[in-house]
Amino acid sequence: MRSVTGKESKFDAFVDKLKKESPIHIAKRMDAPKWLPIVIRIAAVIVAFLVCAIVTVFFEPTAFGTFFTEMFRGTFGTERRVINLFWEAAILLLIALAVTPAFKMKFWNIGAEGQVLMGALMSATCIFYLGGKVSEGGLIVLCLLASVVGSAGWTLIPALFKAKWNTNETLFTLMLNYIATALISLVITVWVKSGSGVVGIMPYGHLPKLGGQDYVLNILIVAFVTVLVWVYLKFSKHGYELSVVGESINTAKYIGISVPKVIIRTMIFSGALCGVAGWLLVNGASYTISTTIAGGRGFTAILISWLAHFDPIIMAITSFLVAFMGRGAAQVSTIANIGGSFEDIATSIFFFIIIASEFFVNYKVKFSFSHSKKKVEGETTENTSEDDSSDAEMMSDTSQTTDSEAQTNEIFDESVPELQTCQSSEDRTCDVSTQNKEVTE
Amino acid sequence: MFWTFLTSTIKFSTLFLYGSVGETITEKSGHLNLGIPGIMCLGAIGGCYGVRSYIDSLGSLSQMSGFAVVLVGMICAFLFAALGGMIFSFFTVTLRCNQNITGLTITTFGVALNSLMLSKIDKTGFYEAGRLFSKGIVDANTTDGLVKVLFSQSALVYIAIAIAIITAIVIKRTRVGLNLRAVGENPATADAAGISVGKYRYLATLIGSGIAGFGGLFFIMDYLTGNIEYGIDTYGWLAVALVIFTIWKPNWAILGSIIFAALYRAPSYLNIGFTEREVIKMLPYIVTVLVLIITSIFGRKSVQPPAALGTTYFREER
């Protein structure tokens, strides 16, 4: 259109000004090939490991050579370590799966930590009061029920307020984390009269050890839950409804989905899974209760769920990588004598890079150096030919703003051939009037 | 006894005040920065390294000047914390990442870096520096009554209150504050009105984080007089809670932080058991939740969170 009018309209001048402001243009990826996100993510993981190795050197100059070997020795060195690694990945995956339905619904639940803690607390309560009085198998089932109910109930509180009064769920669930933590310290002070704040290992309610190894049964349970969640999200009516609510609340209302009902139902499901995680942590791993039993996994799991785009399979891979990073970095830190919290630093650097890579998955960045040249062309030539116009369009592809404008051009060009006759700079009104005339004819 | 309690409460409240004023500025721009605990830790690291290099540059500890050590500490704390805010803004504005996950990652990073770096730093002279930080106009041990409460506080306490009041005025009364609120309420409209959303969000997050960083410096150098064994993250989350408790008003945060600090300090002044202590520790979070619920049920527009809080703005997205 720019070419046929001969003069630049005000709109074009505005677009040019926009383009002049920044040579970097960011546009949403619309038709990226399927392999591209995978390649970007794999590259990001590799970069993340390299950066962590470099950061290690910053703390301990000799550590670079041993970094990768120690990473693998810390995670795959012995059978024990391999099982530990898989258990760590499994529990992260379980909590990530638990928060996923809520996230898919765009319910920003960051209270997974507190929900897991509540599940753990309920399970520990059962063991504390019923341990030895009922049969071991019955106790384990009771613990599971109590955990699920407790955690689901805890999750229900913010869900109800969100559904009824649209209370900000991010802040609400964040606060509930610390209330849950405080609740556990409170219960511990009731149980342990000495004030030491430590509940020792409780002798009841231990999950059976498959093949004589800890955690094997836990990992199998998580694998089962993973399949369950995958089916729930992908094939069930509930899963469909919650993704509709997440995409657009108005659409959901229009097609007759009761939004409060979906919010509450999904959050109960989410809470129940957190309860299972709490139960596994108490009955299958630590056999005790403390405020640090979830150990920040509730937060890490949120990152995992988000970065995997709520896909259970990618979530499993991400959990495994995070567990590998954490365990491996802990080993590196021990060998190189760096310090206790180095694995957290490594994990957060890992996350930073993966989060940043999401940008390149979702958006394309183009650097346009051509617009200054185009500007000159526009000034020198009064009436540019048809060829030049397509040229200009190709160049303007670099920016999203002009992208859409170019599309408009195409539409106009196809539908209104009379456009060519409009010579005034206010051709837009002219187009419309010609078009209208055509329609009436 | 009461005056001592009040004095120490006001002193302790400063930690929350810095954190919550910083977070309020950030949240007013629509950024829910859950990295505040980590950023306060970064401020503490920066402050400690600043003080360390200042002490190293002197011949002997007796040459240390109170003004200089506080100034160096504050500048370094601000820069380090603002760096954390810079990372946050870069991820959320430039790279359009999700704010919650970026914030949580910064918290993990900051807290871990804090415990690692501060276990490595050389602590000689930190006690003396801490004494200079916590020095008031009058000596707290010899005075009593209102004079003690008002005049025995350290410089960072007064600066915190001044920052809170200035922030409140800027947000409420100035053009910049109006634009900032517009960006936080409805970035698309603000953008259409010619306000640069990205610029406001960047600056608000940088300044807010820097102010929160003073909280970290205050906690280590002033409150603990240079004893760097304790973490800040729990208090950081209380600062986030305080923002909600004071319904996004920095001038109210002065009072709110004193209430939180009083709840936190009360157990050591009252003769009560462990269980009751835990109940009192839980109270700040419970009242915050109650405030959140009550404002959402009855709230007018003025007591709601900024409407665009936690959302990433991308002009071409509809």
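Going by the structure above, here's the rest.
So, how was this worked out
Residues numbered from 1 in each chain as written. Chains lettered and ligands numbered in written order. Predicted model: local features only at pLDDT ≥ 70, side-chain atom pairs only at ≥ 80, totals over all residues. Axes fitted to C-alpha atoms, helices over the stretch in contact; angles between N-to-C directions. Helix = DSSP H or I, 4+ residues; strand = E, 2+ residues; numbered from the N terminus. Parallel < 35°, antiparallel > 145°, perpendicular 65-115°, else oblique. Left-handed = near helix turned anticlockwise from the far one by under 90°. Contact = placed C-beta atoms within 7 Å. Nonpolar A, V, L, I, M, F, W, Y, C, P; charged D, E, K, R; others polar. Buried ≥ 20, exposed ≤ 12 C-beta atoms within 10 Å, placed from the backbone.

S.K.: Go over the packing of helix α2 (residues 36–57) of chain B against helix α11 (residues 233–245) of chain B, please, and point to the residues and values.
M.R.: Residue and element names in this part refer to chain B. Relative orientation of the contacting elements α2 and α11 amounts to 125°, with a least axis distance of 8 Å. With respect to α11, the axis of α2 lies oblique. At the point where α2 passes α11, the crossing takes the right-handed sense. Residues Ile36, Pro37, Met40 and Cys41 of α2 touch α11, and the partners they reach there are Asp233, Gly236, Trp237, Ala239 and Val240. Here the contact of α2 with α11 is composed, by residue class, of seven nonpolar, one polar and one charged.

S.K.: An account of the environment of Tyr363(A) is needed here, citing residue identities and associated values.
M.R.: Residues and elements named next belong to chain A. Here Tyr363 shows up in strand β2 (residues 363–367). As for Tyr363 and His25, which are separated by 338 residues in sequence, their C-alpha atoms are 9.9 Å apart. If we skip the residues at most four places from it in the chain, Tyr363 touches Ile26, Ala27, Lys28 and Arg29.

S.K.: Outline the environment of Ala262(B), listing residues and values.
M.R.: All names here are of chain B. Residue position: Ala262 is located in helix α12 (residues 250–269). Looking at Ala262, the number of C-beta atoms within 10 Å reads 19, which means it is partly exposed. Spatially, the C-alpha atom of Ala262 lies 8.5 Å from that of Phe12, the residues being 250 residues apart in sequence.

S.K.: Report on the interface of chain B and chain A, specifying residues and quantitative values.
M.R.: With 39 residues of chain B in contact, the opposing surface of chain A contributes 41 residues. When residues of the side of chain B that touches chain A are traced back to their parent elements, those giving at least two are α4 (99–120), α11 and α13 (274–298) of chain B. With 14 residues, α13(B) is the single largest residue contributor to the side of chain B that touches chain A. In the side of chain B that touches chain A, the residues fall into 24 nonpolar, 11 polar and four charged.

S.K.: Describe the packing of α2(B) against helix α10 (residues 197–223) of chain B, listing the residues and the values that go with them.
M.R.: Residue and element names in this part refer to chain B. Where α2 meets α10, the axes come as close as 7 Å, and the angle between the chain directions of the two elements is 60°. When the interaxial angle is binned, α2 and α10 end up oblique. Crossing of α2 against α10: the hand is right-handed. Note on element contacts: α10 touches α2 through Ser209, Ala212, Gly213, Phe214, Gly215, Gly216, Leu217, Phe219, Ile220 and Met221, opposite Ile36, Ile39, Met40, Cys41, Leu42, Gly43, Ala44, Gly46, Gly47, Cys48 and Val51. Tallied by class, the residues present in the contact of α2 with α10 amount to 14 nonpolar, seven polar and no charged.

Just geometry here; none of it tells us what the structure is for.
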